[in-house]
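Read off the chains here:
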Amino acid sequence: MSDDVQKGFDTYEAGVDRALAKFPERKKTFSTGSKSPVQRLYTPLDDGKRDYVKDIGFPGEYPYTRGVQNTMYRGRLWTMRQYAGFSTAEESNKRYKFLLSQGTTGLSVAFDLPTQIGYDSDHPLSQGEVGKVGVAIDSLADMETLFDGIPLDKVSTSMTINAPAAVLLAMYIAVAEKQGMPADKLEGTIQNDILKEYIARGTYIYPPEPSMRLITDIFAYCSKSVPNWNTISISGYHIREAGSTAAQEVAFTLADGIAYVDAAIKAGLDVDSFGPRLSFFFNAHNDLFEEVAKFRAARRVWAKVMKDRFGAKNPKSLMLRFHTQTGGSTLTAQQPDNNIVRVAIQALAAVLGGTQSLHTNSRDEALALPTEASVRIALRTQQIIAYESGATETIDPLAGSYYVESQTDRIQKEAEAYIAMIDSMGGAVKAIERGYVQQEIQDAAYACQMDIESGDRVVVGMNKFQIKEESPKGLLRVDPIVGEQQVARLKAIRAQRDNARVQTALKALKHAAETTENLMPPILEAVKAYATLGEISDVMRAVFGEYQQKVIL
Amino acid sequence: MERKIRVLVAKPGLDGHDRGAKVIARSLRDAGMEVVYTGLRQTPEQIVSAAIQEDVDVIAMSILSGAHNHLFPRVMELLKEKQIDDVLVIGGGVIPDDDIPGLKAAGIAGVFTPGTPTTETIEFIKNNLKRGK
């Protein structure tokens, strides 16, 4: 059979060569969105030695190339989980209720920068930043308002919080307790991925060693007390947004994952005690086929890592479960309605790639936080894919495509090579210290910008098909009075709370931080005493120190 | 020999998005300028201090967090306090069109929003330098 295919292919190619003389192709080179070369045609000749059972397999079975659940979306759709939050807890609570009323099936909390970096709203560095990129949370009181009227036993919540993740998790547990929900019933996720903060996102507080300790403390605590909680969302989204290629996104994310597993094992945890509750977070850019291949490759690579490298035995430890967000950096300020189309393609890629949870960006992404109208369209995009596109009628529909399987293998190979490179440097923490990961990402980002400016990479509406634009109207703006409101609220909390209890709690936290005690119990007590996020974070700052970013240009 | 244009690329405030700042910094270098990049989490005080120390002709600030209305004018205030009026100050990032007139009134000479080619920023700097005039 393959002799016939080869003969046929050779004839086809000869015909193309003749045609090219008269009708050249549109470009000199054709490549994926990540600049990987793409053949004119893929055929059975590209299948090589690939073995269906070993390499592709079945959904819900090792190596999980086709998906981590055996019925996938036929059993249950992905969670429609829109990242949201701005201004005060009251405002964000309103937005969450709006989203739930429109059909989101999970919550996702965006915190403002002071909260993400462990500063109270009245800290000098918080000026101008309060409530701008997410909700301001200074204490348990704000958290109670944030989830007021939202049943935490019916809805799972993902919180995009990293350096102070332990504190926000403790607050969530405390809020649930007040609602009468025991911690062992809670479902949700904390991002809690400090390595990518050093690499690409920038909301770090402490240096790597104490940060890893905080993370492994959370793994240990949750495995006993909050067993249905995803303790980490090992992220590639931000790495990709910073400019990496698709293969680098997989490689650097999984390398970070390896570092976390290593740290947890070193801390004395059994891999299967925390393995099942690791989760991941990937991007979805425009090249649908490359993105689908990327998700499939990521599952296959991680399954092998957990099985072969770490000897995990529980099948759940081998399953790469992930959330996806469509690529913000691909969206334009020019002709913003075009972004609805981009997001639809990206969301479809995530679904065809088997994501467990999905956030779709709004059309105003390059301009401001989304209005209700914009986020509703983003949500409808998911719903149309789910109910109208046919993409959920069968599992992993692109499997077997000569092109997609070829790209899946290619991304696997490239990712594994990067992981080996990082291994040779001593792992992700060392590679970050050296600036290796950051440099790779920057180089890719610069190349991308140069391609856009040369016209090699077309961005519709931006460097081709431009129009004369009016200033956009009706964008969301965060009222600057939010800063003042939060400061006033803080004053009130500090006056009303039992300050003796707070001081005792902070002292106990300091002691725990100085020893190897698990930090979650003392953080939980401090949170319940209405110690503020800043006060708690500062105790740890005093013990752990602060991370000094090395400037890598 | 002509003195190279010296630029301080800075990230004011808590915003951790540095892709744009790094791309700008590199493109300015490739265009023959001398560039110092501050890294993240610079206060207005730190930015002005670095600008003086590095003796720059241009301060280029990148911000995506929405805190520009507080931080950019604060930088201009500090420059005024130090009686520095010959440094070209520009900004970029996610800055609503509606905010640009206010920033310009405060002394930010140019604001470069998403989609601006680096060539445009480079030309603007070359054509609007205050020093050596």
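All of these numbers come straight from a predicted model, not from anything done at the bench.

## Structural notes on the overall build of chain B
A count of helical and extended segments in chain B gives five helices and five strands. Moving toward the C terminus, one meets the helices and strands of chain B in the order β-α-β-α-β-α-β-α-β-α. For 133 residues, the compact-globule formula gives about 14 Å, and the C-alpha radius of gyration of chain B, at 13 Å, lands near that figure. Principal axes of the C-alpha set define a box for chain B whose edges measure 40 × 35 × 25 Å. Within chain B, buried positions represent 50% of all 133 residues. Counting only contacts in chain B whose residues sit at least 6 apart along the sequence, the fraction spanning at least 24 positions is 72%.

## A short note on the overall build of chain A
When its secondary structure is counted, chain A shows 23 helices and nine strands. Scaling as 2.2 N^0.38, a compact globule of 553 residues should have a C-alpha radius of gyration of about 24 Å, and chain A matches this with 24 Å. For chain A, the C-alpha atoms occupy an extent of roughly 85 × 60 × 45 Å along the three principal directions. Across chain A, the fraction of contacts at a sequence separation of at least 24, relative to all contacts at a separation of at least 6, is 77%.

## Quick look at the interface of chain B and chain A
Facing 27 residues of chain B, the contacting portion of chain A comprises 32 residues. Sorting the residues of the side of chain B that touches chain A by element identifies α1 (19-30), α3 (68-81) and α5 (118-128) of chain B as the ones contributing at least two each. Here the side of chain B that touches chain A takes five residues from α1(B), the largest share from any one element.

## Thoughts on the environment of E13(A)
All names here are of chain A. By the element assignment, E13 lies in helix α1 (residues 2-22). Judged by the 12 C-beta atoms lying within 10 Å of it, E13 is exposed. Along the backbone, E13 and D498 are 485 residues apart, and their C-alpha atoms lie at a distance of 80 Å.

## Description of the environment of G534(A)
All names here are of chain A. On the secondary structure map, G534 appears in helix α23 (residues 533-544). For G534, a count of 24 C-beta atoms within 10 Å gives the class buried. Distance from G534 to V292, taken between C-alpha atoms, is 41 Å for residues 242 residues apart in sequence. Excluding its chain neighbours within four sequence positions, the residues that come into contact with G534 are G118, Y119, D120 and H123.

## Topic: the packing of helix α11 (residues 246-266) of chain A against helix α13 (residues 288-309) of chain A
Residue and element names in this part refer to chain A. Here α11 crosses α13 at 25°, and the two axes come no closer than 10 Å. Here α11 lies roughly parallel to α13, going by the angle between them. Once α11 is placed against α13, the crossing between them reads as right-handed. Here A246, E249, V250, L254, G257 and I258 of α11 lie close against α13, whose contacting residues are E290, E291, K294, A297, A298, V301, W302 and V305. Residue composition of the contact of α11 with α13, grouped by class: nine nonpolar, one polar and four charged.

## Let's talk about the sheet that holds strand β2 (residues 34-37) of chain B
All names here are of chain B. With parallel pairing, the five strands of this open sheet are ordered in space as β2-β1-β3-β4-β5. Each of the sheet's edge strands pairs with one partner strand only, and the pair in question is β2 and β5 (110-112). On average, each strand axis in the sheet is inclined to that of its neighbour by 20°, with strand direction left out of account. Sheet topology places strand β1 (residues 6-10) next to strand β3 (residues 58-63); four bridges connect them, and they run parallel. By the bridge assignment for β3, V7 is matched with V58. Helix-sheet contacts for α1 involve β1, β2, β3 and β4 (88-93), and the interaxial angle to β2 is about 160°.

## Some points on the packing of helix α19 (residues 436-454) of chain A against α1(B)
Two elements in contact, α19(A) and α1(B), have axes whose closest approach is 10 Å; the angle formed by their N-to-C orientations is 70°. Classed by the angle they form, the pair α19(A) and α1(B) counts as roughly perpendicular. In this structure, α19(A) crosses over α1(B), and the sense of that crossing is right-handed. Contacts between α19(A) and α1(B) pair Q442(A), A445(A), Y446(A) and Q449(A) from the former with R19(B), K22(B), V23(B) and R26(B) from the latter. The class makeup of the residues in the contact of α19(A) with α1(B) is three nonpolar, two polar and three charged.

## Let's talk about the sheet that holds strand β2 (residues 106-110) of chain A
All names here are of chain A. Spatially, the nine strands line up as an open sheet ordered β5-β4-β3-β2-β1-β9-β8-β7-β6, and their pairing is parallel. Of all strands in the sheet, those bounded by a partner on one side alone are β5 (229-230) and β6 (232-235). Bridge analysis of strand β1 (residues 79-84) against β2 gives four bridges, and the strand direction is parallel. Counted as the bridge partner of A84 is V109 from β2. The sheet contacts of helix α7 (residues 165-178) involve β3 (157-160) and β4 (188-190), and relative to β4 the element is tilted by about 155°. With respect to the sheet, helix α16 (residues 372-388) is in contact with β1 and β9 (357-359), its orientation differing from that of β1 by roughly 160°.

## Brief notes about α1(A)
The end-to-end C-alpha separation of α1(A) is 31 Å, in line with the 30 Å expected for 21 residues at 1.5 Å each. For α1(A), the buried fraction is low: zero of the 21 residues fall into the buried class.

## Describing the confidence of the model for chain B
Chain-level statistics for chain B give a pLDDT mean of 96 and a share of 98% at 70 or above. For this predicted complex, the interface confidence score (ipTM) comes to 0.97, while the overall pTM stands at 0.98.

## With respect to the nonpolar core
Ranked by internal contacts, the top residues of the largest apolar core, which has 186 residues, are L254(A), I523(A), V58(B) and I59(B). The element that contributes the greatest number of residues to this core is α11(A), accounting for 13 residues. Not counting residues within four places of it along the chain, the set of residues in contact with V58(B) comprises I5(B), V7(B), L8(B), V87(B), L88(B), I90(B) and I125(B).

## Description of the pairing of β4(B)
Residues and elements named next belong to chain B. For β4, the buried fraction is high: six of the six residues fall into the buried class. Of the two faces of β4, the one carrying L88, I90 and G92 and the one carrying V89, G91 and G93 are both buried. Pairing of β3 with β4, which is carried by six bridges, proceeds in the parallel orientation. Bridged to M61 within β4 is G91.

## Notes on α13(A)
An α-helical turn contains 3.6 residues, so a residue and the one three or four places further along point in the same direction. Residues and elements named next belong to chain A. Taking 1.5 Å per residue, 22 residues should reach 32 Å; α13 reaches 31 Å between its end C-alpha atoms and fits that length. With respect to burial, α13 is a largely interior element, 16 of its 22 residues being buried. At the exit of α13 stands G311, carrying a positive phi of roughly 65°.

## Observations concerning unusual backbone geometry
Residues and elements named next belong to chain A. Backbone torsion omega between Y62 and P63 reads 0°, so that peptide bond is classified as cis. Tracing the backbone shows P63 in the loop between α2 (52-56) and α3 (72-75). The backbone of N192 shows a phi angle near 50°, a positive value even though the residue is not glycine. Inspection of the secondary structure puts N192 in the loop between β4 and α8 (194-201). With a phi close to 60°, F465 is a non-glycine residue in the positive phi region.

Definitions and limits used
- Residues numbered from 1 in each chain as written.
- Chains lettered and ligands numbered in written order.
- Predicted model: local features only at pLDDT ≥ 70, side-chain atom pairs only at ≥ 80, totals over all residues.
- Helix = DSSP H or I, 4+ residues; strand = E, 2+ residues; numbered from the N terminus.
- Rg over C-alpha atoms; globule rule 2.2 N^0.38 Å.
- Buried ≥ 20, exposed ≤ 12 C-beta atoms within 10 Å, placed from the backbone.
- Contact = placed C-beta atoms within 7 Å.
- Axes fitted to C-alpha atoms, helices over the stretch in contact; angles between N-to-C directions.
- Parallel < 35°, antiparallel > 145°, perpendicular 65-115°, else oblique.
- Left-handed = near helix turned anticlockwise from the far one by under 90°.
- Nonpolar A, V, L, I, M, F, W, Y, C, P; charged D, E, K, R; others polar.
- Pairing = 2+ DSSP bridges.
- Expected span 1.5 Å × (residues − 1).
- pLDDT = per-residue confidence, 0-100.
- Core = buried A, V, L, I, M, F, W, Y, C linked by C-beta atoms within 7 Å.

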